[in-house]
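Tertiary structure, described
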Amino acid sequence: MSATISKPKAFIVTIDGPAGSGKSTVSGLLAQRLNLNFLTTGAFYRGLAYLCRKKAVDLKKIEEVTALAYYKAFDVQADVMGTKVFIDGIDITNELSNEEVALVASQISAYPEVRLALLDLQRDFARPPGIIAEGRDCGTVVFPNANVKIFLTASLDKRATRRLADEQTISNRDNADSRRKVAPLSKAKDAIEIDSTALSVDEVVDKIIGIVKDKWKK
Ligand code: DC
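Keep in mind that this is a model prediction, so the values were computed, not measured. (Residues numbered from 1 in each chain as written. Predicted model: local features only at pLDDT ≥ 70, side-chain atom pairs only at ≥ 80, totals over all residues. Heavy atoms only, no water.)

This part covers the domain arrangement of the protein. Examined at the domain level, the protein breaks down into domain 1 (9-36 + 130-212) and domain 2 (41-128). For domain 1 versus domain 2, the separation of C-alpha centres amounts to 19 Å. Each partner contributes residues to the interface: domain 1 has 26 residues there, and domain 2 has 20 residues. Between domain 1 and domain 2, the buried area comes to about 1700 Å², and carbon and sulfur atoms account for 56% of it. Considering only the surface of domain 1 that becomes buried against domain 2, Val142, Arg173 and Arg180 emerge as the three largest contributors, covering 27% of it. Our enumeration of links across domain 1 and domain 2 arrives at two salt bridges. (Domains from an automatic or database assignment. Contact = heavy atoms within 4.5 Å. Buried area = accessible area lost by both parts, 1.4 Å probe. Salt bridge = Lys/Arg side-chain N within 4 Å of Asp/Glu carboxyl O.)

Two modes of strand pairing occur in sheets, parallel and antiparallel, and in both the strands are linked by backbone hydrogen bonds. Overall, antiparallel pairing links the three strands, which are arranged 3-4-5 in an open sheet. Both outer strands of the open sheet, strand 3 (74-79) and strand 5 (90-91), are each paired with one neighbouring strand and no more. (Pairing = 2+ DSSP bridges. Helix = DSSP H or I, 4+ residues; strand = E, 2+ residues; numbered from the N terminus.)

Below, the structure written as C-alpha cells:
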C-alpha cells in the first residue's frame with residue numbers, strides 16, 4: 001500500500017480596501033513578520049496598463065487590451081519582499097507607482113475579459129508557505145477560501161494625504177473601482193473591517209497579527 005502524501009497548504013491572508021487605506025504598507029510588514037510572500041494584485045493591473053501604453057493600444061478596444069494580458073513576456077514575481085513586474089525581461093516595477101498608471105489600471109480593470117485573464121495568474125501564487133494578497137477583490141473573488149480576510153478602510157482626506165493626491169482624484173478612482181460590474185471593491189461577508197484613520201501602521205499590523213495567530217494553527 002502506498003503512503004498518502006498530503007499536499008502542503010498555503011496560508012492565505014487577504015487585505016482589500018480603497019486606494020490609500022494602507023494596504024500596501026501594512027501587507028509588506030505583515031509578509032515580513034509572518035514570512036509569507038507579498039502579492040500586490042494591483043501590480044497585475046498596473047503592469048498591464050503600462051504595457052498598453054507602451055504598445056500604444058487604444059484603451060477602448062477591449063480585445064486588444066485583453067490580448068496583452070496574455071502577452072508571453074508579461075511576468076509577475078512575488079516573494080517576502082514584494083511583487084515585481086517584468087516586461088520582456090526588464091523589471092518595470094518602479095514605473096508603476098504613479099497615479100497616471102493607476103488611473104489607466106482602474107479603467108482597464110473594469111473589463112471582465114481582462115479580470116478573467118489575470119485571475120489565474122494571481123491564483124497561481126497560492127503556494128506554500130502562503131501569501132499576503134492585497135487588492136480590491138482578493139477576499140471576494142481571487143481567494144474566496146482565504147484563512148484570514150481583512151477589509152482596510154480610512155477616511156477620504158487621510159487617504160488622499162497618504163497618497164499625496166487630491167481628494168477628487170482618489171474619490172474618482174474609488175467610485176470607478178466600487179461601481180464596476182465585475183468584482184467591484186467590496187467587503188467579503190467573512191472579512192474583518194479595520195478603520196486605519198486614527199491608527200499607526202504598527203497598530204494595524206499588530207491587530208492583524210492577533211487575528212492571524214488565532215487561525216494559524218487551526
Ligand atoms: O491597488 P492599486 O492602487 O495598485 O490598484 C490600481 C488599480 O488596479 C485599482 O484602481 C483598480 C485595479 N485593481 C483591481 O481592479 N483589482 C485588484 N485586486 C487590484 C487592483
